[in-house]
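Understanding the architecture of this molecule
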Amino acid sequence: MQRGPEAEIDLAALRGNLGAIRAITANRPVIAVVKADAYGHGAAQVAKTLEPEGIPLLAVAFLSEAVELRESGISSPILVLFDTEDPALYLKYSLTPVIHSVRDAERFSKEALKRDGPIGVHLKLDTGMGRMGLNGADTVKEVLEMASLQGIRLSGLMSHFSDVSPGGLGYARTQLENFNSIKRTLSEKGIKPFCHMAASGSTLVMPESHLDGVRAGLILYGCPPFHGGDSGNLKPVMKVKSKISLLKRLGPGKAVSYDRTFVTKRDSLIAVVPVGYADGYHRALSNRAEALVRGARVPLAGRVCMDLTMFDVTAVPGVSEGDEVVLLGNGISHLELADWAGTNPYEIMTSLGSGARRRYTD
Ligand SMILES: *Cc1c(COP(=O)(O)O)cnc(C)c1O
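Here we summarise the structure given alongside this text. (Residues numbered from 1 in each chain as written. Predicted model: local features only at pLDDT ≥ 70, side-chain atom pairs only at ≥ 80, totals over all residues. Heavy atoms only, no water.)

1. Some points on the sheet that holds strand S15 (residues 290-293)
Inclusion rule: In this description, strands pair whenever DSSP reports at least two bridges between them. Helix numbering and strand numbering both begin at the N terminus, where a helix is a DSSP run of H or I of at least 4 residues and a strand a DSSP run of E of at least 2. Lines fitted to C-alpha atoms define the axes here, with helix axes fitted over just the stretch in contact, and angles between the N-to-C directions of these axes take values from 0 to 180 degrees. We call two residues contacting when some pair of their heavy atoms lies within 4.5 Å.
With respect to topology, six strands assemble into an open sheet ordered S16-S15-S18-S10-S1-S19, the strand pairing being mixed. Among the strands making up the open sheet, the edge pair consists of strand S16 (296-299) and strand S19 (357-361). For this sheet, the mean inter-axis angle between neighbouring strands, taken without regard to orientation, is 35°. Where strand S1 (residues 6-10) lies against strand S10 (residues 238-243), four bridges are found, and the strand directions are antiparallel. The residue of S10 that forms the bridge with alanine 7 is valine 240. Along the sheet, helix H1 (residues 11-24) contacts S1 and S19; its crossing angle with S1, the most-contacted strand, is approximately 45°.

Right, dumping it as structure tokens:
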């Protein structure tokens with residue numbers, strides 16, 4: 001038996017989601033976010049699928065991810081969101097850094113002047129996320145200083161929302177105003193970079209945040225970040241499944257799995273499935289999640305173990321060892337799993353995707 005569940009990655013759905021995002025954003029450029037191995041879908045495969053679709057830019061978190069994409073043959077521009085450690089490698093691999101300070105700008109400028117230069121950079125503004133980016137009272141002055149440096153071109157200006165849930169929209173609008181105010185001031189001084197701020201949530205619920213383009217991660221993979229609202233024509237790209245490796249008959253009053261948190265109430269048929277928290281199937285799903293067997297929803301029985309999980313399949317007619325068990329997909333959504341596990345769909349996607357063996361369909 002091979003370890004772990006199988007993830008079916010539907011590349012046609014991925015292309016379809018790109019089309020759906022273009023429709024939502026009146027055909028603005030979509031920056032495809034493929035960090036964390038494309039949220040568990042495989043960064044190289046995702047990038048190879050999207051490259052011919054005319055995306056302007058891919059985005060990753062760290063330089064090493066960008067270098068891997070280059071080494072797998074990806075030639076599209078790549079934006080590196082959180083890593084300015086090694087300017088020389090940016091020039092070597094033709095990558096675009098997101099910079100966060102005048103000091104970053106000077107380091108890239110210096111390196112570019114030593115080489116072929118200039119290098120295009122995107123500047124991050126912290127408009128309220130409290131994470132990376134320029135946020136002081138001197139922001140405009142600092143940006144002007146950067147723009148005057150030889151060797152770099154300020155080709156992009158960006159920021160990131162902290163909260164676009166219904167309760168956070170007011171805060172998000174203030175962030176957008178902060179951004180637009182700096183953008184206007186720079187524009188008056190002749191600095192007009194490509195401006196982008198929206199990620200998945202804001203792409204869906206804040207059209208005024210679409211600016212010159214959007215950065216799409218979660219929705220590209222077919223999942224809205226929260227319940228409710230119109231999520232267009234998104235289709236989940238990933239389906240995760242396994243098989244029943246053993247069926248066990250238990251009489252009433254019998255305990256299942258660690259700590260005896262599940263006790264049978266009747267003559268029961270318990271399916272043992274070779275998937276566990278080591279595969280990214282969260283332990284917090286214990287006694288809460290459901291899976292699909294022969295099209296029927298079956299409840300998770302007891303604690304999720306490291307490599308095994310049990311489901312109560314008593315009510316499934318004809319259930320047999322070897323039957324497919326769908327853990328994610330066919331109506332069991334990332335959001336539903338996230339609710340059961342007390343987390344968000346991002347964590348479900350990245351953890352299940354990275355734990356599974358992937359199979360791609362076109
Ligand atoms: C991860 C990330 C995104 C993509 O976010 P989604 O909600 O998955 O679309 C966009 N911008 C930044 C800065 C990010 O870190």
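2. Focus on the sheet that holds strand S5 (residues 96-99)
Hydrogen bonds between backbone atoms are what pair the strands of a sheet, whose relative direction is either parallel or antiparallel. Pairing is parallel in the open sheet, where eight strands are placed in the order S8-S7-S6-S5-S4-S3-S2-S9. Two strands lie at the open edges of the sheet, namely strand S8 (194-196) and strand S9 (214-216), each paired on one side alone. The mean inter-strand angle of the sheet, taken between neighbouring strand axes irrespective of direction, is 30°. As judged from the three bridges shared by strand S2 (residues 30-33) and S9, these two strands associate in the parallel manner. Among the inter-strand pairings, alanine 32 is bridged to a residue of S9, identified as alanine 216. Where helix H4 (residues 63-71) meets the sheet, it contacts strand S3 (57-60) and strand S4 (78-80), and its direction lies at approximately 165° from that of S4.

3. Things to note about the packing of helix H10 (residues 334-341) against helix H11 (residues 345-355)
Test applied: Comment on the angle field: the value is read as roughly parallel under 35 degrees, roughly antiparallel over 145, roughly perpendicular from 65 to 115, and oblique elsewhere. Residue classes follow a fixed rule: Ala, Val, Leu, Ile, Met, Phe, Trp, Tyr, Cys and Pro count as nonpolar, while Asp, Glu, Lys and Arg count as charged, and any other residue, Gly among them, counts as polar.
Running from N to C, H10 and H11 point in directions that differ by 100°, and their axes come no closer than 8 Å. With respect to H11, the element H10 is oriented roughly perpendicular. Only Pro345, Ile348, Met349 and Leu352 of H11 make contact with H10, whose side of the interface consists of His334, Leu335, Leu337, Ala338 and Ala341. Residues belonging to the contact of H10 with H11 are distributed by class as follows: eight nonpolar, one polar and no charged.

4. Considerations on the pattern of salt bridges
The criterion, for reference: A carboxyl oxygen of Asp or Glu within 4 Å of a side-chain nitrogen of Lys or Arg is what we treat as a salt bridge. Note on exposure labels: buried denotes an accessible area under 20% of the residue type's maximum, exposed denotes more than 50%, and partly exposed covers the range between, all computed with a 1.4 Å probe on protein chains only.
Scanning the model with the defined rule gives 19 salt bridges in all. Salt-bridge contacts for aspartate 259 lead to arginine 303; the nearest nitrogen and oxygen are separated by 3.0 Å. Taken together, the residues aspartate 259 in the loop between strand S12 (255-256) and strand S13 (262-263) and arginine 303 in the loop between S16 and strand S17 (309-312) connect sequence positions 44 residues apart. Residue classification places arginine 303 among the partly exposed positions, given a relative accessible area of 23%. Shared partners join several salt bridges into a network, and the residues in it are Glu6, Glu8, Lys241, Glu324 and Arg359.

5. Some details on the packing of aromatic side chains
Just so we agree on the cut-off: When the centres of two rings from Phe, Tyr and Trp lie within 6.5 Å, Trp using its six-membered ring, the rings pair. Their planes under 30 degrees apart give stacked, over 60 give edge-to-face, and anything left gives tilted.
Considering all chains together, one arrives at three aromatic pairs under this definition. When the centroid spacing of 5.1 Å and the interplanar angle of 80° are considered together, the rings of tyrosine 90 and phenylalanine 108 count as edge-to-face. With tyrosine 90 in helix H5 (residues 87-92) and phenylalanine 108 in helix H6 (residues 102-114), the pair connects residues that are 18 residues apart, well separated along the chain. Comparing tyrosine 90 with phenylalanine 108 shows no difference in burial state: the two are buried. An aromatic cluster is defined as three or more aromatic residues linked by ring pairs; in this entry it consists of Tyr39, Tyr221 and Tyr346.

6. Structural notes on the site of the ligand
Counted only if it meets this: We call a residue near a molecule or strand when any one of its heavy atoms sits within 4 Å of it. Counting of polar contacts relies on pairs of N or O atoms within 3.5 Å, with two restrictions inside protein: one atom must be capable of donating a hydrogen and the other of accepting it, and residues adjacent in sequence are counted only when both atoms are side-chain atoms. Residue-level accessible areas treat just the shown protein chains as cover; the underlying method is Shrake-Rupley with a 1.4 Å probe. Only protein atoms enter the 1 Å grid, on which a cavity is a set of points fitting a 1.4 Å probe that cannot get out and a pocket is an open set with protein on both sides within 12 Å along at least 5 of 7 lines, lining residues being those with an atom within 4 Å of a point. Just a note on the criterion: a molecule sits in a pocket or cavity if more than half of its atoms are within 2 Å of the grid points.
Inspection of the region around the ligand gives 15 residues, with Lys35, Tyr39, Ser200, Arg215 and Tyr346 positioned closest. The separation between an oxygen atom of the ligand and a polar side-chain atom of lysine 35 is 2.6 Å. The protein chains hide 95% of the 390 Å² of surface that the ligand would expose on its own. In this structure, the ligand is accommodated by the largest pocket. Listing elements by their share of the shell around the ligand, those giving two or more residues are helix H2 (35-40) and S9.

7. What about helix H7 (residues 139-147)?
Note the cut-off: The arc in question is the one spanned by the directions pointing from the helix axis to the C-beta atoms.
Residues Thr139, Val143 and Met146 constitute the buried set of H7. Seen end-on, H7 carries its buried residues on one side only, within an arc spanning 60°. Taken together, the buried residues of H7 touch S5, H6, strand S6 (119-124), strand S7 (152-158) and helix H8 (169-188).

8. Brief notes about H8
Convention followed: Here the expected length of a helix is defined as 1.5 Å per residue gap, with one fewer gap than residues.
Here H8 contains 20 residues, and its C-alpha end-to-end distance of 28 Å stays within 8% of the 28 Å for a straight helix at 1.5 Å per residue. For H8, the complete set of buried residues consists of Leu169, Ala172, Gln175, Leu176, Phe179, Asn180, Ile182 and Leu186. Projected down its long axis, H8 carries its buried residues within an arc of 165°, all on one side. Away from its buried face by more than 90 degrees, H8 exposes Glu177, Arg184 and Glu188. For H8, the elements touching its buried residues are H7, S7, S8 and helix H9 (200-205).

9. Description of the side chain of threonine 139
Tracing the sequence through the fold places threonine 139 in helix H7. At a separation of 2.7 Å, a polar atom in the side chain of threonine 139 contacts the main-chain carbonyl oxygen of glycine 136. Setting aside its immediate chain neighbours within four residues, threonine 139 contacts Leu125, Leu134 and Ile182.

10. So, the side chain of histidine 334
Take histidine 334: it is sitting in helix H10. The exposure class assigned to histidine 334 is buried, which follows from its relative accessible area of 3%. Residue contacts for histidine 334: discarding those within four places in its chain leaves Cys223, Leu328, Pro345, Ile348 and Met349.

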